[in-house]
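Tertiary structure, described
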Amino acid sequence: MRRALVVGGANGIGLSIARLLAEDERFDVVYIVDRAEVAEGHRHPKFVCRIFDLRSDDFSIFDTFTDIDTLMITAGFGRLAHFADISEEHITDSFTVNATSVIRILHHFYPRISSTKDFYCGVMGSIAGFLSSPLFAVYGATKAALKIFIESVNVELEMSGTSNRILNISPGSIKGTSFYNGTTDLSATRALAEEILQRLWAKSDLYIPMYDEIFKDVLERYHNDFRAEGRHSYEYKLQSGRIIEKK
């Protein structure tokens, strides 16, 4: 039997992925590491949950998962706001949780990722890591750091001869998650979670949901004129009603 670990699996897309893994008869345990408990209505008998804050200095907890062959890291947060309205604490916490902690976790599992034995690994990035994202500047910067890191390490993996890769999942806004203080709706995220796992089993290195439908044109516009696309992104977010103004 196989075992998986989902970091950030207590809600949102992470929980949706964890539920699908638990429904897979090949897995007998799905570990979840999160700073929050899984809500009672979303629990599964195969879940084994550990409470952990990714802002911690001690990451030795990740050395205890010696029996997994699947690792998904979906933890992260962001805040739509003008940079002037962001606190310094938010800046440091954002990089710690969204970028540094992810790289640290991958480092703990790297001997298995870089081995010739099959190991499946995915990280929740963001399309904001591929282009300028005004009103989301700090969040976008953390995801851009992950993008370059994953691309670089995947080349190292390829050159070492292993078939294992780190999958960078980089969506836009995902409905049915608690990212914008919403509530988790597993029915809304299930299709995306299924597609993510298909890409994971295929050992893909990049998945941008809605690429052909939306982001192919967005990225082309960005590369043609990043200033103009930045202004377009600014106006779009401003009109979304999700901007948090400083009080």
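Refer to the structure presented above.
As a starting point, this report considers the structure included with it. The structure displayed is predicted, hence computed values, not measured ones. (Residues numbered from 1 in each chain as written. Predicted model: local features only at pLDDT ≥ 70, side-chain atom pairs only at ≥ 80, totals over all residues. Heavy atoms only, no water.)

Among soluble globular proteins, nonpolar side chains are generally buried collectively. Leu 5, Phe 62, Leu 71 and Phe 109 are the most contacted members of the largest nonpolar core, which totals 29 residues. Contributions of two or more residues to this core are made by strand 1 (2-7), strand 2 (27-34), strand 4 (70-73), helix 2 (88-113), strand 5 (120-124) and helix 3 (137-160). Here this core gets six residues from one element, more than from any other, and that element is helix 2. Sequence-distant contacts of Phe 109, defined by excluding residues within four places in its chain, comprise Leu 5, Phe 62, Phe 65, Ile 68, Leu 71 and Phe 119. In this structure, Ile 13, Ala 18, Leu 21 and Ile 32 belong to the second largest nonpolar core, which totals 27 residues. (Core = buried A, V, L, I, M, F, W, Y, C linked by side-chain atoms within 4.5 Å. Buried < 20%, exposed > 50% of the residue type's maximum accessible area, 1.4 Å probe, protein only. Helix = DSSP H or I, 4+ residues; strand = E, 2+ residues; numbered from the N terminus. Contact = heavy atoms within 4.5 Å.)

The next thing to look at is the sheet that holds strand 1. The sheet built from seven strands is open, its strands ordered 3-2-1-4-5-6-7 with parallel pairing. Every interior strand has two partners, whereas the edge strands, strand 3 (47-51) and strand 7 (206-207), have only one. For strand 2 and strand 3, the ladder comprises five bridges, and the chain directions are parallel. Opposite Asp 34, over in strand 3, you have Ile 51 as the bridge partner. (Pairing = 2+ DSSP bridges.)

This part covers the packing of aromatic side chains. The geometry of an aromatic ring pair is captured by the separation of the ring centres together with the interplanar angle, meaning the angle of the planes. Applying the stated criterion across every chain, the model contains ten aromatic pairs. Taking the centre distance of 6.4 Å and the plane angle of 25° together, the rings of Phe 109 and Phe 119 count as stacked. Of the two residues, Phe 109 is situated in helix 2 and Phe 119 in the loop between helix 2 and strand 5; the sequence distance between them amounts to ten residues. Grouped by ring-pair contacts, the aromatic residues Tyr 31, Phe 52, Phe 59, Phe 62 and Phe 65 constitute a single cluster. Note that Arg 2 overlies the ring of Trp 201, its terminal NZ or CZ placed 5.0 Å from the centroid. Against the face of Phe 59 rests Arg 104, its NZ or CZ located 3.8 Å from the ring centre. (Phe/Tyr/Trp six-rings, centres within 6.5 Å; stacked < 30°, edge-to-face > 60°. Lys NZ or Arg CZ within 6 Å of the ring centre and 35° of its normal.)

To continue, consider the pattern of salt bridges. What the rule picks out here adds up to twelve salt bridges. Of the charged contacts in the structure, one is a salt bridge between Glu 151 and Lys 147, with a shortest N-O distance of 3.0 Å. Placement of both Glu 151 and Lys 147 in helix 3 is noted, with a separation of four residues, approximately one turn of the helix. Overall, Lys 147 belongs to the buried group, its relative accessible area being 16%. Put simply, Arg 3, Asp 28 and Asp 67 are held in one network by salt bridges that share partners. (Salt bridge = Lys/Arg side-chain N within 4 Å of Asp/Glu carboxyl O.)

Our next topic: the side chain of His 90. With respect to the secondary-structure elements, His 90 resides in helix 2. Overall, His 90 belongs to the buried group, its relative accessible area being 13%. In this structure, His 90 is in contact with Phe 77 and Arg 79, ignoring residues within four places of it in sequence.

Here helix 2 crosses helix 3 at 15°, and the two axes come no closer than 8 Å. Considered as vectors, helix 2 and helix 3 are oriented roughly parallel to each other. In this structure, helix 2 meets helix 3 at a crossing whose hand is right-handed. On helix 3, the residues that touch Ile 91, Ser 94, Phe 95, Asn 98, Ala 99, Val 102, Ile 103, Leu 106, Tyr 110 and Ile 113 of helix 2 are Val 138, Tyr 139, Ala 141, Thr 142, Ala 145, Leu 146, Phe 149, Val 153, Glu 156 and Leu 157. For the contact of helix 2 with helix 3, the class distribution of residues is 16 nonpolar, three polar and one charged. (Axes fitted to C-alpha atoms, helices over the stretch in contact; angles between N-to-C directions. Parallel < 35°, antiparallel > 145°, perpendicular 65-115°, else oblique. Left-handed = near helix turned anticlockwise from the far one by under 90°. Nonpolar A, V, L, I, M, F, W, Y, C, P; charged D, E, K, R; others polar.)

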